[in-house]
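Coordinate inspection notes
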Amino acid sequence: MVLAQLPNESFGPIDTGNTAFMLVSAALVLLMTPGLAFFYGGLARGKSVLNMMMMSFGALASISVVYVLWGFSMSFSDGITGKSDILGLFANPFALFGSDQLMSTIGEGDTEQYVTAGLSVPAVIFMGFQLTFAVITVALISGALAERVKFSTWMVFTVIWSTIVYFPLSHMVWGGLVGGGGLLGAGEDSIAAKLFGTTDGEANVAPIDFAGGTVVHINAGIAALVLVLIIGKRVGFGRTAYRPHNIPFVMLGAALLWFGWFGFNVGSELGADLLAGQVWVNTTAATAAAIIGWLAVELIRDKHATSVGAASGIVAGLVAITPACGALTPVGSLILGVIAGALAALAIGMKNKFGYDDSLDVVGVHLVAGLWGTLAIGLLGKDVGLLWGGDYKQLVVQAVIAFFALAFTAVLTAIIAFALKPLGWRVSDEDEKSGIDEAEHAETAYELA
């Protein structure tokens, strides 16, 4: 592709403050994956901690590579090249293959300007920021599969799932950020436009997913549920007490996730402005309230408030506020957060009731809190929510995009999971009992005399 053929709107002035802000935000989101490794690793048993952490680091490696090669192109290239996407589902994976075009500059008069995709930051920085979202989404799934899955099969899955599920869903929801637009966005061909009409080519009631309730958490949560149903339970599930082997690891992981999440949510404003400040406050308020909501359930149900519960409440609050952080007031965020913590604390018991082995409660936390956060915009959203704004339309749109994402991801994840069965998903029962760390990585976390 020749740079001169790019549409004029792809070139814009660079704001160095916003550029620095986005670089820091991308680094913070990248930190979330090692933070997740500590969180999941601490929740796993001592003989499985290395494998659990390696699944996060493996996703960090594989998804970074494929995102640079074709992931960004599948997600956002139509908005940069001006070429049409494919049925609103995904953009051309070859249009910006390798992303080399984003590194170029072009002289315009006396000013050299970067290809910015209509933003005030270079497009390559936007790509880097979005890369970190793809990484953490895939890594989240691994918590449901702890202690029983071959590392090699997991690595193959990360590449296929990100390509077939994550990149298209990212385009469908967020493609309009850089001038394109997908099926779940706000364009004139989107589902939202068909529901309530358009004005000047934009949906009258646009879906709201500020930082990834649909793209990240509902997506990862339903994928996790499908995989555990297909792959099956751990040996001894229902008879063995699976206790976290290192609770300080869990607390450290939760702290790193909370810290990195400011890049996740605040960075999604793509600039340092008033709304970014509002998002920071809302993220903090909802997360703090979710801790209280989770611990309240524990106190009433179990008579104890646990540190693992506090750490899990942090994650539940962060998940729920992610799609809603730009649409709520601080008070609305407090309400959303305390309900999210309580709902997730109650939801983690579903695996025992229904008999599926979601090892580290990805379904109970990410799917349930992600659904609540996405739907709550239609209830608590300032000026748009049913309770805050007196209109039902936003709730309808939020529900439609959420359940479309559920169906889309569930079907495609099931196909991928069955297609990979010939590779073998499971380690042997003997290896699982003796320890997956030794079997898969020839290492142990702790050398005990």
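Okay, so let's go over this structure. (Residues numbered from 1 in each chain as written. Predicted model: local features only at pLDDT ≥ 70, side-chain atom pairs only at ≥ 80, totals over all residues. Heavy atoms only, no water.)

Structural notes on a negative patch on the surface
- A cluster of acidic residues, Glu 188, Asp 189, Asp 200 and Glu 202, forms a negative patch on the protein surface.
- Tracing the backbone through its elements, the reader meets Glu 202 in strand S4 (residues 202-203).
- Taking relative accessible area as the criterion, Glu 202 reaches 43% and is therefore assigned partly exposed. (Patch = residues over 30% accessible without salt bridge, like charges linked within 9 Å, V, L, I, M, F, W, Y side chains within 5 Å. Areas by Shrake-Rupley, 256 points an atom, 1.4 Å probe, with all protein chains shown as cover. Salt bridge = Lys/Arg side-chain N within 4 Å of Asp/Glu carboxyl O. Lys, Arg positive; Asp, Glu negative; His and termini not counted. Charge placed at Lys NZ, Arg CZ, Asp CG, Glu CD. Helix = DSSP H or I, 4+ residues; strand = E, 2+ residues; numbered from the N terminus. Buried < 20%, exposed > 50% of the residue type's maximum accessible area, 1.4 Å probe, protein only.)

Comments concerning unusual backbone geometry
- Backbone geometry places Lys 303, a non-glycine residue, at a positive phi of 70°.
- Structurally, Lys 303 is set in the loop between helix H8 (274-302) and helix H9 (307-324).
- A positive phi angle, close to 55°, is found at Ala 442, a residue other than glycine.
- Note that Ala 442 resides in the segment after helix H15 (436-441).

Considerations on the environment of Ile 86
- Within the secondary structure layout, Ile 86 lies in the loop between helix H2 (49-81) and strand S1 (105-108).
- For Ile 86, a relative accessible area of 32% corresponds to the partly exposed category.
- Considering only alpha carbons, one finds Ile 86 and Leu 395, 309 residues apart in sequence, at a separation of 28 Å.
- Among all residues touching Ile 86, those that are not within four sequence positions of it are Ala 91 and Asn 92. (Contact = heavy atoms within 4.5 Å.)

A short note on the packing of aromatic side chains
- All told, the structure shown has 20 aromatic pairs when counted by the stated rule.
- Their ring planes at 70° and their centres at 5.0 Å tell us that Phe 76 and Phe 126 sit as a pair that is edge-to-face. Remark: Phe 126 occurs in helix H3 (residues 123-141) and Phe 76 occurs in helix H2; sequence separation between them is 50 residues.
- For Phe 76, a relative accessible area of 0% corresponds to the buried category.
- An aromatic cluster is present here, built from Tyr 67, Phe 72, Phe 76, Phe 126, Tyr 166 and Phe 167 joined pairwise through their rings. (Phe/Tyr/Trp six-rings, centres within 6.5 Å; stacked < 30°, edge-to-face > 60°.)

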